[in-house]
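Notes for the structure review
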Amino acid sequence: AFDPEHGAKGGVADIEAEIARYRKYSELLRAQIVDSVTLIHEDISRGYKVLVEGANAALLDIDFGTYPFVTSSNTTIGGVCTGLGVPPQKIDTVIGVVKAYTTRVGH
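Residue indices follow the written sequence of each chain, beginning from 1 at its first position. Where local features are concerned, this predicted model is filtered to residues with pLDDT of at least 70; where side-chain atom pairs are given and counted, the filter is 80 or more; whole-chain, interface and lining totals use all residues. Side-chain measures were taken over the full set of non-hydrogen atoms in the model, leaving aside hydrogen atoms and water.

Turning our eyes to something else, we now look at helix α1 (residues 15–29). In this description a helix means any DSSP run of H or I spanning at least four residues, a strand means any run of E spanning at least two, and both kinds are numbered starting from the N terminus. The span expected for a helix works out to 1.5 Å for each residue beyond the first. Along its 15 residues, α1 runs 21 Å from first to last C-alpha, staying within 8% of the 21 Å computed at 1.5 Å per residue. Capping the start of α1 is the job of one residue whose side-chain oxygen sits 3.1 Å from the backbone nitrogen of Glu16: Asp14. Think of a polar contact as two N or O atoms within 3.5 Å of one another; within protein, one of them needs to be a possible hydrogen donor and the other a possible acceptor, and neighboring residues in sequence only count if both atoms come from side chains.

Structure (structure tokens):
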């Protein structure tokens, strides 16, 4: 383990103090954490437009990518369904951006 207070490896000196420190973080972050699937479903039900941005590319998709050079998630439009729980029939517009080449780190 890493002790961020003293920059030393080997764990923390006082586990109770560490738990108390993380409890403070939870108090700071609690209001910023939501059930995003429910939030998005509620917004769609209200007729709001929801913009979803994906990253990476199809060739990095866990299911359709060029293994072993893939990421751990779905990076295509299907990721909206699998990652956010949005039903496919609720998707009305898809805009794709493509490039004409592929690169791989280390190769």
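Turning our attention to the pattern of salt bridges. Criterion for a salt bridge: a side-chain nitrogen of Lys or Arg within 4 Å of a carboxyl oxygen of Asp or Glu. Taken as a whole and judged by the stated rule, the model has three salt bridges. With a closest N to O distance of 3.5 Å, Asp92 and Lys49 form a salt bridge. With Asp92 in the segment after α3 (78–84) and Lys49 in the loop between α2 (36–45) and α3, this residue pair connects regions lying 43 residues apart in the sequence.

This next bit is on unusual backbone geometry. Omega for the bond connecting Tyr67 with Pro68 falls within 30 degrees of zero, at 10°, which places this linkage in the cis form. When you line up the elements, Pro68 lands in the loop between α2 and α3.

A few words on the packing of aromatic side chains. Any pair of Phe, Tyr and Trp rings, taking the six-membered ring for Trp, is counted once the centres come within 6.5 Å. Such a pair is stacked with planes under 30 degrees apart, edge-to-face with planes over 60 apart, and tilted for the rest. Considering all chains together, one arrives at one aromatic pair under this definition. Between Tyr22 and Tyr25, the ring centres sit 5.3 Å apart and the planes meet at 85°, which makes this aromatic pair edge-to-face. Of this pair, Tyr22 and Tyr25 both sit in helix α1, separated by three residues, roughly a single helical turn. When its relative accessible area of 47% is taken as the criterion, Tyr22 is described as partly exposed. Exposed residues in this analysis have more than 50% of their type's maximum accessible area, buried residues have under 20%, and partly exposed residues fall in between, with area computed by a 1.4 Å probe over protein chains only. Assessed through its relative accessible area of 35%, Tyr25 is described here as partly exposed.

What follows deals with the side chain of Asp61. In this structure, Asp61 sits in the loop between α2 and α3. Judged by its relative accessible area of 0%, Asp61 falls in the buried class. In this structure the side chain of Asp61 is engaged in a polar contact, spanning 2.8 Å, whose partner is the backbone nitrogen of Asp63. One polar contact links the side chain of Asp61 to the main-chain amide nitrogen of Thr75, over a distance of 2.7 Å.

So, to be careful, I would describe these as geometric facts and stop short of saying anything about function.
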